[in-house]
Amino acid sequence: MTTVIMRTTARAIVPIVLVVAISLFIEGHNLPGGGFIGGVLTTTAFAIIYMAFGLDFLERGILGRDVDPGKEPSRDRVVVAYRRLFAVGFAIAVVSGLAPLAFGQPFLTQTFVMLEGVPIYDHLEVASAIAFDFGVYCVVVGGLLTILSVVGAE
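Student: Could you give an account of the layout of surface pockets, with specific residues and numbers?
Tutor: Approximately 210 Å³ is the volume attributed to the second largest pocket. Forming the walls of the second largest pocket are 15 residues, and the residues nearest its centre are Ser96, Pro100, Thr109, Gln110 and Ser128. Listed by contribution, the elements that provide at least two residues to the lining of the second largest pocket are helix H3 (75-98) and helix H4 (129-153). Among the elements that make up the lining of the second largest pocket, the one with the highest residue count is H4 (four residues). In terms of residue class, the lining of the second largest pocket is made up of seven nonpolar, seven polar and one charged.

Student: An account of the confidence of the model for the chain is needed here, citing residue identities and associated values.
Tutor: Taken over all residues, the pLDDT of the chain has a mean of 84, while the share at 70 or more is 86%. Taken element by element, the chain is modelled with least confidence in strand S2 (residues 122-127), mean pLDDT 79, and with most confidence in helix H1 (residues 4-26), mean pLDDT 92.

Student: Requested: an account of the nonpolar core, with residues and values cited.
Tutor: Judged by nonpolar contacts, the single largest core of 18 residues is most densely connected at Tyr50, Leu58 and Tyr82. Looking at this core, the elements with two or more residues in it are H1, helix H2 (35-62), H3 and H4. When residues of this core are assigned to their parent elements, the largest contribution, eight residues, is made by H2. Apart from residues no more than four positions distant in its own chain, Tyr50 is found in contact with Leu55, Leu58, Val78, Tyr82, Leu148 and Ser149.

Student: Account for the packing of aromatic side chains, with residues named and values stated.
Tutor: Inspection of the entire model under this criterion finds three aromatic pairs. With 6.3 Å between their ring centres and 65 degrees between their planes, Phe25 and Phe134 make a pair best called edge-to-face. Remark: Phe134 occurs in helix H4 and Phe25 occurs in helix H1; sequence separation between them is 109 residues. A relative accessible area of 13% means that Phe25 is categorised as buried. The partly exposed category is assigned to Phe134, whose relative accessible area is 38%. On the basis of an interplanar angle of 15 degrees and a centroid distance of 6.4 Å, the ring pair of Phe134 and Tyr137 is categorised as stacked. With a gap of three residues between them, Phe134 and Tyr137 both fall in helix H4, about one helical turn apart.

Criteria and thresholds
Residues numbered from 1 in each chain as written. Predicted model: local features only at pLDDT ≥ 70, side-chain atom pairs only at ≥ 80, totals over all residues. Heavy atoms only, no water. 1 Å grid on protein atoms, 1.4 Å probe; cavity = no way out; pocket = protein on both sides within 12 Å on 5 of 7 lines; lining within 4 Å. Points joined across faces, edges and corners; volume = space filled by probe spheres on them. Helix = DSSP H or I, 4+ residues; strand = E, 2+ residues; numbered from the N terminus. Nonpolar A, V, L, I, M, F, W, Y, C, P; charged D, E, K, R; others polar. pLDDT = per-residue confidence, 0-100. Core = buried A, V, L, I, M, F, W, Y, C linked by side-chain atoms within 4.5 Å. Buried < 20%, exposed > 50% of the residue type's maximum accessible area, 1.4 Å probe, protein only. Contact = heavy atoms within 4.5 Å. Phe/Tyr/Trp six-rings, centres within 6.5 Å; stacked < 30°, edge-to-face > 60°.

Set out below in C-alpha cells:
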C-alpha cells in the first residue's frame, strides 16, 4: 500500500523522467547519451510506477491488457513481455550492426542524412546509429524490467 503523496509525486515525476530519457536517446549519437542511459531512465520511470501503483496498474493502465476483475495479474505474463522486448532489441542491434556488411562496409559502420526544412529545427541530422541505439534501448529496458519484476516477486 502506498501513500497519496507517493502516487501524486509519481504522477509528476514519471513524465519528466520519460521526456529526459527520450531526449538523451535522440541526441545520443552526437552527444553523451544514447540507448543505454535512455533505457536506464525509462526503467527508472517504470520502477516508480511499480512502487506507487503496483503491478495491477502497470498491466491494466500502461500495457493495456485486460485482467479478470477477481483475478490477480500474472507476473509471468509481464516478464514474458519484457523478455520479448529484450529479444527484439537484441535482434535490432545485431541487424543494424550487420547491415553495413551488405554494402561492403565494416561491422557497425554508420552514415547520416541531413534533412532540411524541418519545422522547429530547420535542419536535422538522422544517423543510422539510431537503429543500434534503439536496439540497445530495448535490451536495457527489457532486461532491467525483467530483473525488477523477478526480484520484486521475492
